[in-house]
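Breakdown of the fold
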2 protein chains.
Amino acid sequence: MKHTKVKALLSGSKVNTEVNAKGWVRTFRNNQFIALNDGSTIHNIQCVVDFENTPEETLKRITTGAAISVIGNLVESQGAGQKFEIQVTKLEILGDSDAEKFPMQPKKHSLEFLRENAHLRVRTNAFGAIMRVRSVLAHAVHTYFQEKGFVYVNTPVITGADAEGAGEMFQVTSLPLDNPPRTEDGNIDYKKDFFGKHTNLTVSGQLEGETFAMALGQIYTFGPTFRAENSNTSRHLAEFWMIEPEVAFNDLDDNMDLAEDFIQYIIKYTIDKCQDDLKFLEGRLLEEEKSKPQADRSEMALLEKLNFVLENNFKRVSYTEAIDILRDSTPNKKKKFQYIINEWGADLQSEHERYLVEKHFKCPVILFDYPANIKAFYMRLNEDGKTVRAMDILFPGIGEIVGGSQREERYDVLVEKMKALGIDEEELWWYLDTRRFGSAVHSGFGLGFERLVLFVTGMTNIRDVIPFPRTPQNAEF
Amino acid sequence: MKHTKVKALLSGSKVNTEVNAKGWVRTFRNNQFIALNDGSTIHNIQCVVDFENTPEETLKRITTGAAISVIGNLVESQGAGQKFEIQVTKLEILGDSDAEKFPMQPKKHSLEFLRENAHLRVRTNAFGAIMRVRSVLAHAVHTYFQEKGFVYVNTPVITGADAEGAGEMFQVTSLPLDNPPRTEDGNIDYKKDFFGKHTNLTVSGQLEGETFAMALGQIYTFGPTFRAENSNTSRHLAEFWMIEPEVAFNDLDDNMDLAEDFIQYIIKYTIDKCQDDLKFLEGRLLEEEKSKPQADRSEMALLEKLNFVLENNFKRVSYTEAIDILRDSTPNKKKKFQYIINEWGADLQSEHERYLVEKHFKCPVILFDYPANIKAFYMRLNEDGKTVRAMDILFPGIGEIVGGSQREERYDVLVEKMKALGIDEEELWWYLDTRRFGSAVHSGFGLGFERLVLFVTGMTNIRDVIPFPRTPQNAEF
């Protein structure tokens, strides 16, 4: 007999028939009531055991974490808490779980303990929900772009370029570190390395993505990216997934429209598909925040916050306006900011971004037209000669979730900028070719996928929204 | 005025209205007819220039590769070859393309030349088509699994484990190769490396995926994987994308059913969505094969071959049966095989797989129940004690496209196997936990995405179906 998923059983379509369920025991009460979960939904199916006719030996083995198979009638439940239950006629223990040793006991574990058991934490309600939501969000990303005719492009993870300057890079090598081959003058002989040159893990697929956008029109990447930065914070990972759309003929306004429409679409898609998981995560967040002082608690419950993002336009504010707002702000005047804003040109810190989003505007904010000298070389210089067509999208509680720009499409201006910054033209010959042959206005952005998952799940540490986090001093599993 | 995609223009819905198109010039004939492509479709839109009223200077700049914007009436075309065309009233050169220098001239280029210009080759018909088909195939993968309730899991790219043994690994490090820190006894001090230990690029997400399948029931990965093997062949890449589903409670038969259903679904999905591109690629293949001797040509045209895979069950053959067939085969008897098959236990080479698929069965073949000692440690030992529940799917022209197995769910048997092979139990403590706590029958497989793209596009070199191939001595772009 083929087994049926718990999600399907709970829909009731098989009521009053004999069914088979397979899954893992969450709890076993009164030698009679098994809460069985198979990961298809956050909900368990109650399996009622005829304990008088079940051998004592078997009952003892129905422990938290054990894998079992039950056969029985699916009936409407008389008890509170569930609509349907299985009246078990046959029970088989597939895999035992020693109650003394299984780490995921049915009690509250600290998030830190769960991180140390990342291979088992997904057997808890919270992490099951987070990982299902993450998966649906990822599919929302693909569905949005594919429906709009974007082409998914897998830009390379291993790269010979290290010019983009988005951050410190990891080196990839097949040379023996203990005794690498050297050239006559004593340097490492990268000609003998696998790729015949020094290679790194990519920090962004943007530059390669641009070459494809200038042929296919609209493309997006969605893949892993890397930063070898010693940032031990709740917002940084050494390995994270990034989404990077790039669109020919889009200017910065089109780019903002795209980013806003995209984010609203994928959040709506996920709300529609993940009601049960999001309700659970909303409850989890409320519970967690009870221990916080009132001022630190969220103003809105999780689903309310998500709907707020859907229903309200993101506030578009130029860097110059933002500086004015910050300069006149109470925390700036009272010197409560760690970095006091005095002059136009200052780089915005996390405290400033949070003030703008969480205190001043109280909604997602798109900052644009930043000073050229605090932004990357490929951004389109404005006619004022001092700002570039950059944009950052800031989210409450998360900070920067999107960074993007209109790209400098003028060959001469781009080359001059690269020269000024000491970026090797030879190395980026292929990138410059996009401006040599059929150049055009184009724009794109990068969205850090885990930051979006943080926002949608209401979690606060980025290590809790990726299966196996990679951070300084940690590459377990 | 907002521009309209060429694909939408060619659908005719805007006929007899003023439209704006933006794209790149493919050809310009008689100072009058521009073939304009924007990557939204393989087809160009013909733009008819009023050359008598267009400045000579502008006409000269309408060269292959130039980016232009045209405004004009969309009308039914009188000429052969297209249904609709734009009668241009306004033309703007967005970005020039020097006809002397632009490498992608409208003529046949060698695939090797195009690989050296991977940033521009996507501006050709063939590579535009390949990359669109690849993108749709990728979306088919996600759609299939998501509709079936599988959870997409991003297993880590950087891994501290190197036990799986699927192949040579690349090292990832932030240590300076020139002068790495050393311990007192002179070894490299990996405690000082970014992750505090020796790390590599993953060869497979399977082991991590299994831990998630044993909680969420059905999961899949789809991400980049790596092999530091010096294989300079048309079937190997150092960086490629792999799809790895893993399902709790599935045995090997379920696993074969899943793989077959999955492959048929995604091919059907892609045929439905990519008619124009596949027809073009079918023509390209026919053209290419004209230069081959009759015996080396495909027996079926591309779409016929794809439909054949949809309509016919994959032939399921045990390793033992396959050995019997091969031993009795003409090339074996006549010693035409490089490796003569004498005895049960021999590892099958590419020549044997091709014989089975292309000569004997003439359809996709699933080989199963291989000798234990030529397969990985985690595969389920059969009751015969000498074979394991492994399966490989072989495709005509491609060879192995899927490798999978039912996993060894018995803790004791697994540990014994690891000991025999010298695999460190301590390192895989988390993997063994899946067998300690609630173990159950489960199965999965890995499908090399680029091999599937090869099959569907009819291309023959794997470097031509990934945007920027990574191979020995090559990490350009």
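Note that residues are indexed from 1 along each chain, following the sequence as it is written. Chain letters start at A and ligand numbers start at 1, both assigned in the order the entries are written. In keeping with the model being predicted, local features are shown solely for residues with a pLDDT of at least 70 and side-chain atom pairs are shown and tallied solely at 80 or more, while totals for entire chains, interfaces and linings include all residues. Only hydrogens and water are set aside when side-chain values are computed; all heavy atoms of the structure are taken into account.

Our working definition: UniProt positions are given in the numbering used here, feature names are shortened, and annotations may be inferred rather than shown by experiment.
Looking at an unreviewed UniProt entry, one finds chain A named Asparagine--tRNA ligase, with Flavobacterium dankookense as its source organism. Database annotation for chain A, UniProt heading Catalytic activity (unreviewed entry): "tRNA(Asn) + L-asparagine + ATP = L-asparaginyl-tRNA(Asn) + AMP + diphosphate + H(+)".

Focus on the overall build of chain A
Cut-off, in case you're wondering: The secondary structure listing takes helices from DSSP runs of H or I that are at least 4 residues long and strands from runs of E that are at least 2 residues long, numbered from the N terminus. Between buried and exposed lies partly exposed: a residue is buried under 20% and exposed over 50% of the maximum accessible area for its type, with that area taken using a 1.4 Å probe on protein chains only. Here, residues are in contact when the closest pair of their heavy atoms is within 4.5 Å. Surface exposure here means Shrake-Rupley accessible area, sampled with a 1.4 Å probe, where a residue is shielded only by the protein chains that are shown.
The secondary structure content of chain A amounts to 14 helices and 16 strands. Dimensions of chain A along its principal axes, counting C-alpha atoms only, are 85 × 60 × 45 Å. Per-residue burial over chain A gives 61% buried out of 477 residues. Counted over contacts in chain A with a minimum sequence separation of 6, partners at least 24 positions apart contribute 68%. When the accessible surface of chain A is summed, it comes to about 19,300 Å², and 46% of that surface belongs to carbon and sulfur atoms.

Thoughts on the packing of helix α4 (residues 125-147) of chain A against helix α6 (residues 252-273) of chain A
All names here are of chain A. The condition is simple: Lines fitted to C-alpha atoms define the axes, with helix axes restricted to the stretch in contact, and inter-axis angles between N-to-C directions lie between 0 and 180 degrees. Put simply, angles under 35 degrees are roughly parallel, angles over 145 are roughly antiparallel, angles from 65 to 115 are roughly perpendicular, and the rest are oblique. We call a crossing left-handed when the near helix sits turned anticlockwise from the far one by less than a right angle, and right-handed when that turn is clockwise. When residues are grouped by polarity, Ala, Val, Leu, Ile, Met, Phe, Trp, Tyr, Cys and Pro land in nonpolar, Asp, Glu, Lys and Arg in charged, and all others, Gly among them, in polar.
Where α4 meets α6, the closest approach of the two axes is 9 Å, and the angle between their N-to-C directions is 130 degrees. The angle between α4 and α6 falls in the class oblique. Between α4 and α6 lies a crossing of right-handed hand. Within the contact between the two elements, α4 uses V133, V136, L137, H139, A140, V141, T143, Y144, F145 and E147 and α6 uses L258, D261, F262, Y265, I266, Y269, T270 and K273. Within the contact of α4 with α6, the residues separate by chemical class into 12 nonpolar, 3 polar and 3 charged.

A few points about the sheet that holds strand β10 (residues 218-226) of chain B
Residue and element names in this part refer to chain B. Filter applied, for reference: Paired strands are those between which DSSP finds at least two bridges.
The mixed open sheet is built from 8 strands, whose spatial order is β6-β10-β11-β16-β15-β14-β13-β12. Whereas interior strands pair on both sides, the edge strands pair on one side only; in this sheet they are β6 (151-152) and β12 (315-318). Summarising the sheet, strand β11 (residues 239-248) and strand β16 (residues 442-448) pair through 5 bridges and their orientation is antiparallel. Bridge assignment links V247 to a residue of β16, and that residue is S443.

What to know about the relation of the copies chain A and chain B
For clarity, the threshold we go by: Only residues with pLDDT of at least 70 in both copies count here: their C-alpha atoms drive the least-squares fit that superposes the copies.
Mapping chain A onto chain B is achieved by rotating through 180 degrees and translating by 0.0 Å along the same axis, at an RMSD of 0.0 Å. Overall, the copies show the geometry of a two-fold rotation axis. Considering only C-alpha atoms, the part of chain A nearest the rotation axis is V172 of chain A, at 2.4 Å. Looking at chain A, 100% of its interface residues are interface residues in chain B too, so the copies touch through the same face.

So, the confidence of the model for chain A
Basically, it comes down to this: Note on scores: pLDDT gives the predictor's confidence for each residue, bounded by 0 and 100.
Looking at chain A, the pLDDT average stands at 96 and 99% of residues meet or exceed 70. Scoring of the predicted complex yields 0.97 for pTM and 0.97 for ipTM.

Thoughts on the packing of aromatic side chains
We describe a pair of aromatic rings using the distance from one ring centre to the other and the angle between the two ring planes. Spelled out, the test is: Here a Phe, Tyr or Trp ring, Trp counted by its six-membered ring, pairs with any other such ring whose centre lies within 6.5 Å, and the pair is stacked when the planes are under 30 degrees apart, edge-to-face when over 60, and tilted otherwise. Note on criteria: charge over ring means Lys NZ or Arg CZ within 6 Å of the ring centre, with the direction from the centre no more than 35 degrees off the ring normal.
Counted by the stated rule, this structure contains 58 aromatic pairs over all chains. Through a chain of ring-to-ring contacts, the aromatic side chains of Y144, F145, F150, Y152, Y220, F262, Y265, Y269 and F445 of chain A together with F222, W241 and F449 of chain B assemble into a single cluster. The residue whose ring lies beneath K305 of chain B is F455 of chain B, and the NZ or CZ to ring-centre distance is 4.3 Å.

Here we look at helix α8 (residues 302-311) of chain A
The periodicity of an α-helix, 3.6 residues per turn, causes residues three or four places apart in sequence to face the same way. Residue and element names in this part refer to chain A. As a reminder of what qualifies: Note: the arc covers the axis-to-C-beta directions of the helix.
Among the residues of α8, L302, L303, K305, L306, V309 and L310 are the ones counted as buried. In an axial view of α8, the angular spread of the buried residues amounts to 160 degrees, which keeps them on one side of the axis. Contacts from the buried residues of α8 go to α6, α7 (275-289), β14 (387-395) and α14 (449-457).

Quick notes on the pattern of salt bridges
Note the following rule: For this analysis, a salt bridge means a side-chain nitrogen from Lys or Arg found within 4 Å of a carboxyl oxygen belonging to Asp or Glu.
All told, the structure shown has 55 salt bridges over all chains when counted by the stated rule. In this structure, E246 of chain A and R407 of chain A form a salt bridge, with 2.8 Å as the shortest nitrogen-oxygen distance. In this pair, E246 of chain A sits in strand β11 (residues 239-248) while R407 of chain A sits in the loop between β15 (399-406) and α12 (411-421), placing the two residues 161 residues apart along the sequence. Its relative accessible area of 2% is what places R407 of chain A among the buried residues. The salt bridge involving R380 of chain B is made with E408 of chain B; its shortest N-O contact spans 3.8 Å. Taken together, the residues span a long stretch of sequence, with R380 of chain B in the loop between β13 (365-371) and β14 (387-395) and E408 of chain B in the loop between β15 (399-406) and α12 (411-421) at a distance of 28 residues. The exposure classification of R380 of chain B matches that of E408 of chain B, with both residues buried. Each of R380, E383, E408, E409 and R410 of chain A takes part in a single network of salt bridges with overlapping partners.

Some thoughts on the environment of V415 of chain A
One can find V415 of chain A in helix α12. Setting aside its immediate chain neighbours within four residues, V415 of chain A contacts E425 and L432 of chain A.

Details of the nonpolar core
Nonpolar side chains in soluble globular proteins tend to end up buried together. Note the cut-off: In plain words, nonpolar cores are sets of buried Ala, Val, Leu, Ile, Met, Phe, Trp, Tyr and Cys residues tied together by side-chain atoms within 4.5 Å.
F262 and L278 of chain A together with F262 and L278 of chain B are the most contacted members of the largest nonpolar core, which totals 226 residues. With residues near it in sequence (within four places) discarded, F262 of chain B still touches V141, Y144, F145, I243, F445 and L447 of chain B.

Let's talk about the sheet that holds β14 of chain A
Whether parallel or antiparallel, the strands of a sheet pair through hydrogen bonds between backbone atoms. Read across the sheet, 8 strands follow the order β6-β10-β11-β16-β15-β14-β13-β12 (chain A) without closing on themselves; strand pairing throughout is mixed. This sheet does not close on itself; its edge strands, each paired only once, are β6 (151-152) and β12 (315-318) of chain A.

Section: the interface of chain A and chain B
Accessible area lost when the parts come together is the quantity often used to give the size of an interface. Note the cut-off: Accessible area, probed at 1.4 Å, shrinks when two parts are joined; the buried area is that loss added up over both.
Taken together, the contacts link 111 residues of chain A with 111 residues of chain B. Across the interface of chain A and chain B, roughly 8,700 Å² is buried in total on both sides, 63% from carbon and sulfur atoms. For D178 of chain A, the salt bridge goes to R182 of chain B, with nearest N and O atoms at 3.0 Å. The residue makeup of the side of chain A that touches chain B, split by class, is 51 nonpolar, 37 polar and 23 charged. As paired elements, strand β8 (residues 171-173) of chain A and strand β8 (residues 171-173) of chain B share 3 bridges and run antiparallel to each other. Its bridge partner lying in β8 of chain B, T173 of chain A is registered against Q171 of chain B.

Side note on the domain arrangement of chain A
Residues and elements named next belong to chain A. Quick note on the threshold: Boundaries between domains were set according to an automatic or database domain assignment.
Assigned domains of chain A: these are domain 1 (6-95) and domain 2 (125-167 + 203-314 + 363-464). For domain 1 versus domain 2, the distance between C-alpha centres works out to 43 Å. Residue-level contacts link 6 residues of domain 1 with 6 residues of domain 2. Contact between domain 1 and domain 2 buries roughly 460 Å² in total, counting both sides, with carbon and sulfur atoms accounting for 45%.

Focus on the environment of P467 of chain B
As for its position among the elements, P467 of chain B is in the segment after α14 (449-457). As a C-alpha pair, P467 of chain B and I130 of chain B span 337 residues in sequence and 9.6 Å in three-dimensional space. Look past the residues within four positions of P467 of chain B in its chain and what remains in contact with it is V153, N154 and F212 of chain A together with A118, R121, M131 and R134 of chain B.

Quick look at helix α8 (residues 302-311) of chain B
Of all the positions in α8 of chain B, only L302, L303, K305, L306 and V309 of chain B are classed as buried. The inward-facing, buried residues of α8 of chain B contact α6 (252-273), α7 (275-289), β14 and α14 of chain B.

A short note on the environment of G167 of chain B
All names here are of chain B. Along the chain, G167 falls in the loop between β7 (158-159) and β8. Between the C-alpha atom of G167 and that of A228, which follows or precedes it by 61 residues, the distance is 7.4 Å. Excluding its chain neighbours within four sequence positions, the residues that come into contact with G167 are V203, R227 and E229.

Quick word on unusual backbone geometry
Positioned with a positive phi, N31 of chain A is a non-glycine residue whose angle comes to about 55 degrees. Within the secondary structure, N31 of chain A is located in the loop between β1 (18-29) and β2 (33-37). According to the relative accessible area criterion, N31 of chain A is partly exposed, its value standing at 34%. The backbone of Q473 of chain B sits at a positive phi, close to 65 degrees, despite the residue not being glycine.

Some remarks on the side chain of N255 of chain B
Residues and elements named next belong to chain B. In this structure, N255 sits in helix α6. Classification of N255 by relative accessible area gives buried; the value is 0%. For N255, the contacting residues outside a window of four places in its chain are N250, M391, G404, S405, S443, G444 and F445.

A short note on the pairing of β15 of chain B
Put simply, side chains in a regular strand alternate between the two faces of the sheet. Residue and element names in this part refer to chain B. Among the 8 residues that make up β15, 6 are buried, leaving the element largely enclosed by the rest of the structure. Relative to β15, β14 runs antiparallel, the two sharing 6 bridges. Across the sheet, the residue bridging to I393 is V402, located in β15. In textbook terms, the turn of a hairpin is the stretch between consecutive antiparallel strands, and for β14 and β15 this stretch comprises 3 residues, one of which, G397, has a positive phi near 80 degrees. The sheet contact formed by β15 and β16 spans 5 bridges and is antiparallel. In the sheet register, G403 faces β16, and the bridge partner there is G446.

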